[in-house]
Amino acid sequence: YDQARFFRVLTGFVAQFGIPGDPKLAAYWSHKTLADDIVKVTNKRGRISFAMSGIDTRTTQVFINLGDNRVLDKPGFAPFAEVVSGMETVDLLYAGYGE
């Protein structure tokens, strides 16, 4: 995730990143997908999940939950990591660009 910028920050919802900064690398990874994981824990504040647009469409994009987003559990957004320190820094990410 070197040089991958946060490109979508929605206050109280998610902070999304993971598109490689190098256009050639971004193009390479854009067509490589990962199979979905089973949701074993909820999308609570601080947990990190892959973004997706349907079944088995995960690529390099991930998001940090900025709030308790249990609504994302049923559609299959499976958290795989958690911010264990520094959420106060994540909360400072600029959200002015929106979608």
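Quick caveat: nothing in here was measured; it's all calculated off a predicted structure.

Calculation criteria
Residues numbered from 1 in each chain as written. Predicted model: local features only at pLDDT ≥ 70, side-chain atom pairs only at ≥ 80, totals over all residues. Heavy atoms only, no water. 1 Å grid on protein atoms, 1.4 Å probe; cavity = no way out; pocket = protein on both sides within 12 Å on 5 of 7 lines; lining within 4 Å. Points joined across faces, edges and corners; volume = space filled by probe spheres on them. Nonpolar A, V, L, I, M, F, W, Y, C, P; charged D, E, K, R; others polar. Core = buried A, V, L, I, M, F, W, Y, C linked by side-chain atoms within 4.5 Å. Buried < 20%, exposed > 50% of the residue type's maximum accessible area, 1.4 Å probe, protein only. Helix = DSSP H or I, 4+ residues; strand = E, 2+ residues; numbered from the N terminus. Contact = heavy atoms within 4.5 Å. Pairing = 2+ DSSP bridges. Axes fitted to C-alpha atoms, helices over the stretch in contact; angles between N-to-C directions. Salt bridge = Lys/Arg side-chain N within 4 Å of Asp/Glu carboxyl O.

Examining empty space enclosed by the protein
This structure, assessed with the given rule, holds 1 cavity of 30 Å³ or more. What the largest cavity holds in volume is close to 30 Å³. Every residue along the wall of the largest cavity is listed here: D37, F50, R58, G76, F77 and A78. A per-class count over the lining of the largest cavity returns 3 nonpolar, 1 polar and 2 charged.

Some details on the nonpolar core
Formed by V9, A15, F17, I48, F50, V62, I64, L66, V83, M87 and V90, the largest nonpolar core amounts to 11 residues. Elements with a minimum of two residues in this core: strand 2 (14-17), strand 3 (47-50), strand 4 (62-65) and helix 2 (87-90). Residue contacts for V90: discarding those within four places in its chain leaves I64 and L66. Core analysis: the second largest hydrophobic core is formed by 6 residues, V14, M52, F63 and L72 among them.

Quick look at the sheet that holds strand 3
The strand order across the open sheet formed by 5 strands is 1-2-4-3-5, and the pairing between neighbours is antiparallel. Whereas interior strands pair on both sides, the edge strands pair on one side only; in this sheet they are strand 1 (8-10) and strand 5 (79-82). Within this sheet the neighbouring strands show an average axis-to-axis angle of 20°, counted without direction. As judged from the 3 bridges shared by strand 3 and strand 5, these two strands associate in the antiparallel manner. The residue of strand 5 that forms the bridge with I48 is A81.

Quick look at the pairing of strand 3
Alternating positions in strand 3 separate into two faces, R47 and S49 on one and I48 and F50 on the other, with burial throughout. Pairing between strand 3 and strand 4: 3 bridges, direction antiparallel. The partner of F50 across the bridge, within strand 4, is V62.

Some words on the pattern of salt bridges
The final tally for this structure, using the stated rule, is 5 salt bridges. Beyond isolated ion pairs, a larger network of salt bridges with shared partners links D36, D37 and R58.

Things to note about unusual backbone geometry
Located in the positive-phi region is D56, a residue other than glycine, with phi close to 55°. Looking at where D56 falls in the secondary structure, it is placed in the loop between strand 3 and strand 4.

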